[in-house]
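# Overview (structure and organization)
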Amino acid sequence: MGSYRCSVIVEVANVWESPTSPRPIDGPSVADRPDPVAWLEALDGVPDGRLGLHDRLLTQLVRGEPVEVVEDAVGGWVRVVCPNQPSGRDPKGYPGWVRVAHLGPFAPPPGRAGGPTPSVSSVVERCRAFGGTAYLWGGTSRFGVDCSGLVHRVLGDLGVVVPRDAADQQRALGEVCLAEVRPGDLYFFAREGRPAHHVGVVTAPMRMVHAPETGAVVIEEDVSPQRRATLVGAARPLP
């Protein structure tokens, strides 16, 4: 079959590693009419409910976001790539599986061509607006975000397309000397010899808004000595 485009028709659609990745507790998120609030409440009611999404939930799509279907329906699922979420996993966009019921006819999103370049202050303000949002592995929506999902969503809402994952974001964006960072730049963190595993948005030198997995909410704080030990670089997503 040839590939074809669709658009997300629900408020938020999860993209999974495979059709068998969702657990019974994830049922509300894969229903024909997903209920993200009920899903997250269920996850919070069991140990490791959210952290159990590792290697299961890959990313999320919000209403109106385009996908390219590359494998037709299998038991109510389609395999897609997400062109608005660049990824080293696939040159066409982030790959994964989505419920057919969460997709509808393709409708081009409103264009931003010719619009003003967003200001660095708008990036910081939008990040701060996520304050208190719960951490969610793979999350890119107002219901929950992970560290790179926060960066991807905030910049995407401002018309700036950046990759979905932290390591890809670092590779794609222009490097900035740590001594020359400004608000709106990105800090990247990695263990020795490994790609970046964490990212935050600079609000001042050695201060950032980020979504820490252990902190459970999007917060603004000084970069701790423990994090500074893994700070490996900075990048500038805006000119």
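Now for a quick tour of the structure. Each residue is numbered by its place in its chain's sequence as written, counting from 1. Whole-chain, interface and lining totals are the exception, using all residues; otherwise, since this is a predicted model, local features are given only for residues with pLDDT of at least 70 and side-chain atom pairs are given and counted only at 80 or more. Water and hydrogen atoms were dropped before computing side-chain values, which therefore reflect all heavy atoms in the structure.

### A word on the overall build of the protein chain
Here is the rule we go by: Helix and strand assignments follow DSSP, with helices taken as H or I runs no shorter than four residues and strands as E runs no shorter than two, numbered in order from the N terminus. Radius of gyration: C-alpha atoms only; globule rule: 2.2 Å multiplied by the number of residues to the exponent 0.38. For the exposure calls, accessible area comes from a 1.4 Å probe over protein chains only, and a residue counts as buried if that area is under 20% of its type's maximum, exposed if over 50%, partly exposed in between. By the convention used here, residues are in contact when the closest approach between their heavy atoms is within 4.5 Å. Here the accessible surface of atoms and residues is derived via Shrake-Rupley with a 1.4 Å probe, and residues count as covered only by protein chains that are part of the display. By the counting rule applied here, Lys and Arg register as positive and Asp and Glu as negative, while His and the ends of each chain are not counted. To locate a charge, the coordinates of NZ of Lys, CZ of Arg, CG of Asp or CD of Glu are taken.
Looking only at helices and strands, one finds six helices and 15 strands in the protein chain. A compact globule built from 239 residues should have a C-alpha radius of gyration of about 18 Å, and the protein chain, at 18 Å, falls within 12% of that. Here the C-alpha coordinates of the protein chain stretch approximately 50 × 45 × 35 Å along the principal axes. Here the protein chain holds 239 residues, and the buried ones make up 49% of them. At a minimum sequence separation of 6, the contacts of the protein chain that also span at least 24 residues come to 60%. Carbon and sulfur atoms make up 53% of the accessible area of the protein chain, which totals about 11100 Å². Computed over 24 positive and 27 negative side-chain charges, the separation of the two mean positions in the protein chain equals 2 Å.

### Concerning the packing of aromatic side chains
Note the threshold: In this scheme Phe, Tyr and Trp rings, the latter by its six-membered ring, pair at centre separations within 6.5 Å, and the angle between planes marks the pair as stacked below 30 degrees, edge-to-face above 60, and tilted otherwise.
As enumerated under the stated definition, the model contains one aromatic pair in all. Relative to F189, the ring of Y187 has its centre 6.5 Å away and its plane inclined at 65°; by these criteria the two rings are edge-to-face. With relative accessibility at 0%, the residue F189 sits in the buried group.

### Examining unusual backbone geometry
Its identity is not glycine, yet D55 carries a phi of approximately 65°, on the positive side. Structurally, D55 is set in the loop between α2 (36-44) and β3 (57-62). Of note, the phi angle at M206 is positive, near 60°, even though the residue is not glycine. One can find M206 in the loop between β12 (198-204) and β13 (207-210).

### Quick word on the packing of helix α3 (residues 120-129) against helix α4 (residues 147-157)
Convention followed: Interaxial angles span 0 to 180 degrees and are taken between N-to-C directions of axes, which are lines fitted to C-alpha atoms, for helices over the stretch in contact. Any angle that falls under 35 degrees is termed roughly parallel, while one over 145 is termed roughly antiparallel, one within 65 to 115 roughly perpendicular, and all others oblique. Crossing handedness is read from the near helix: turned anticlockwise from the far helix by less than a right angle, it gives a left-handed crossing, and turned clockwise, a right-handed one. Polar here means any residue outside two lists: the nonpolar Ala, Val, Leu, Ile, Met, Phe, Trp, Tyr, Cys and Pro, and the charged Asp, Glu, Lys and Arg; Gly therefore counts as polar.
Where α3 meets α4, the axes come as close as 10 Å, and the angle between the chain directions of the two elements is 125°. The orientation of α3 relative to α4 falls into the category oblique. Viewed along their axes, α3 and α4 form a crossing whose handedness is right-handed. Taking contact as the criterion, the partners of V123, R126 and C127 in α3 are, on α4, V154, L155 and D157. Of the residues that constitute the contact of α3 with α4, the class distribution is four nonpolar, no polar and two charged.

### Notes on the nonpolar core
Applicable threshold: For the purposes of this section, nonpolar cores are sets of buried Ala, Val, Leu, Ile, Met, Phe, Trp, Tyr and Cys residues that join through side-chain atoms within 4.5 Å.
Counting residues in each nonpolar core, the largest one holds 25 residues, and the members touching the most others are V123, L150, V154, L186, V199 and V218. Within the residue set of this core, elements represented by two or more residues are α3, α4, β11 (186-189) and β12. A per-element tally of this core places α4 first, with five residues. The residues touching L150, leaving out its near neighbours within four places in the chain, are F130, V145, V209, H210, A211 and V218. The next biggest cluster of nonpolar side chains, apart from the first, holds 15 residues, and it includes L61, V69, C82 and L103.

### Some points on empty space enclosed by the protein
Rules: A 1.4 Å probe that fits but cannot get out identifies a cavity on a 1 Å grid over protein atoms alone, an open set with protein on both sides within 12 Å along at least five of seven lines counts as a pocket, and a residue lines either if it has an atom within 4 Å of a point. Grid points are joined across faces, edges and corners, and a volume is the space filled by probe spheres set on the points.
Enumeration over the complete set of coordinates arrives at one cavity of 30 Å³ or more. Of the volumes computed, that of the largest cavity is approximately 50 Å³. Sorting the residues of the lining of the largest cavity by element identifies β2 (12-16) and α2 as the ones contributing at least two each. Per-element tally for the lining of the largest cavity: the top contributor is β2, with three residues.

### Considerations on α2
Heads up, the condition is: As used here, the arc belongs to the directions running from the helix axis to the C-beta atoms.
Within α2, burial applies to P36, W39, L40 and L43. Relative to the axis of α2, the buried residues are bounded by an arc of 90° and lie together on one face. In this fold, the buried residues of α2 make contact with β2, α1 (27-30) and β3.

### Examining the layout of surface pockets
Roughly 840 Å³ of internal volume is contained in the largest pocket. Residue lining of the largest pocket: 31 residues in total, with W137, C147, A196, H197 and H198 positioned closest to the centre. Of all the secondary-structure elements, those providing two or more residues to the lining of the largest pocket are β3, α4, α5 (166-172) and α6 (225-228). Of all the elements, α5 adds the most residues to the lining of the largest pocket, at four residues. In terms of residue class, the lining of the largest pocket is built from eleven nonpolar, eight polar and twelve charged. Taken together, 15 residues form the lining of the second largest pocket, with N84, P109, R153, G156 and D157 sitting closest to its centre. Looking at the lining of the second largest pocket, the element that brings in the most residues is α4, giving four residues.

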